[in-house]
Amino acid sequence: MKVSIISLVYNNIYPLFLSVDSLVRQEYRNLEYIILEDSSIPVEVELLQKVFDKLDEFDIDYKYCRNDCNIGTVRSFNRAISEASGDIIVALSPGDFFLNKNVVGRIASEFSAGVDILSYSSLLYRSKPYDMGETYKQSKRHRFFLAGNNVRLLKYIVAHGNIISGASTSYRKKFLLDNGGFDERFIFLEDYPFFIKTLATARFRYIKEPLIHYQLGGVSTSGPNPKLLKDYNTLFNVINADYAIDVKLKRMFNLGYRFTFDSRFKAFLSHPIMVTALIFEKLLRRI
């Protein structure tokens, strides 16, 4: 199976050298590399050329694309997927890099066994690439990642938020396209809505061992972002209006959303009498 590795770049060409350095060392060679630049300013031509030279040196098939204007992560990812010729889509953000030379081969073998979505652990770091911190905290939630337990995992991410790291997830391209790709009503939030929409039917597999080094400090880990918060508001509307998911799941999402974003609802839940009344009402419904 051919693997398409995608890096989305926006004003961060330099960290791409770490990603490329790990890519060219992969023993699995049926791959291509797609760099999509989302209208970075300025265009760092000299740095880009060094990246291209490195790829040429190791005879890596690659494609460079540039958006005429900044369109955000979701639309950029979809465009990169449309440019890809591989069967498997692997995201590799600038600054992230594969754990060893066998990672791409491991990913390809998992998809050959019949997987639609493959997720795996990662090692985190902030600034020094080889000064590794903790393993991504999916480890405490392994029970939700067990094979054949997609419904339980779906319920968890709907009620509590996404715990599937987009930086540590690969996709079968056909599965992506059959489900309409990533929803372009969002700017940055591509993976979470897609998981909510497809997990119930996807052949999902999780690998406990880390396969990549993941650099903290991106949109999802660098604090509040107005556009990202807007994406979550959009998700609230989309789930309640469009996504064909179970009514109970919609209720779970609405409760989790209100607890996270509605300060008045948080104040309500902080009152012990109100919480007791809420629990009592829930128990009465079960009788």
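Computed from a prediction, not measured in an experiment: that's the story for all the values here.

Trainee: Help me understand the overall build of the protein chain in this model?
Mentor: Scanning the protein chain from N- to C-terminus turns up 11 helices and eight strands. The buried share of the protein chain, reckoned over its 287 residues, is 46%. Contacts in the protein chain between residues at least 24 apart in sequence constitute 77% of all its contacts with a sequence separation of at least 6. Of the accessible surface of the protein chain, which amounts to about 14800 Å², a share of 54% is contributed by carbon and sulfur atoms.

Trainee: What is the right way to look at the packing of aromatic side chains in this model?
Mentor: Centre distance and the angle of the planes are the two values used to describe a pair of aromatic rings. In the structure shown here, the tally under the stated rule is nine aromatic pairs. Between Phe52 and Tyr64 the ring centres are 5.6 Å apart and the planes differ by 65°, which places this aromatic pair in the edge-to-face class. Of the two residues, Phe52 sits in helix 2 (residues 45-57) while Tyr64 sits in strand 3 (residues 61-66), which places them 12 residues apart along the sequence. With relative accessibility at 13%, the residue Phe52 sits in the buried group. Note on Phe77 and Phe182: the rings are 5.0 Å apart at their centroids and 35° apart in plane angle, and the pair reads as tilted. With Phe77 in helix 3 (residues 73-83) and Phe182 in the loop between helix 6 (173-178) and helix 7 (191-198), the pair connects residues that are 105 residues apart, well separated along the chain. Ring pairs connect the aromatic residues Phe77, Tyr171, Phe175, Phe182, Phe194 and Phe195, which therefore count as one cluster.

Trainee: How should the nonpolar core be read in this particular structure?
Mentor: Nonpolar side chains in soluble globular proteins generally cluster together in the buried interior. Of all hydrophobic cores here, the largest spans 41 residues; its most connected members are Ile157, Ile196 and Leu235. For this core, the element with the most residues is helix 5 (residues 150-160), which contributes five residues. Leave out the neighbours within four places in its chain, and Ile196 touches Leu154, Ile157, Val158, Leu235, Ile239, Tyr243 and Ile245. Listed in part, the 35 residues of the second largest apolar core include Val9, Leu23, Leu55 and Phe111.

Cut-offs and rules
Residues numbered from 1 in each chain as written. Predicted model: local features only at pLDDT ≥ 70, side-chain atom pairs only at ≥ 80, totals over all residues. Heavy atoms only, no water. Helix = DSSP H or I, 4+ residues; strand = E, 2+ residues; numbered from the N terminus. Buried < 20%, exposed > 50% of the residue type's maximum accessible area, 1.4 Å probe, protein only. Contact = heavy atoms within 4.5 Å. Areas by Shrake-Rupley, 256 points an atom, 1.4 Å probe, with all protein chains shown as cover. Phe/Tyr/Trp six-rings, centres within 6.5 Å; stacked < 30°, edge-to-face > 60°. Core = buried A, V, L, I, M, F, W, Y, C linked by side-chain atoms within 4.5 Å.

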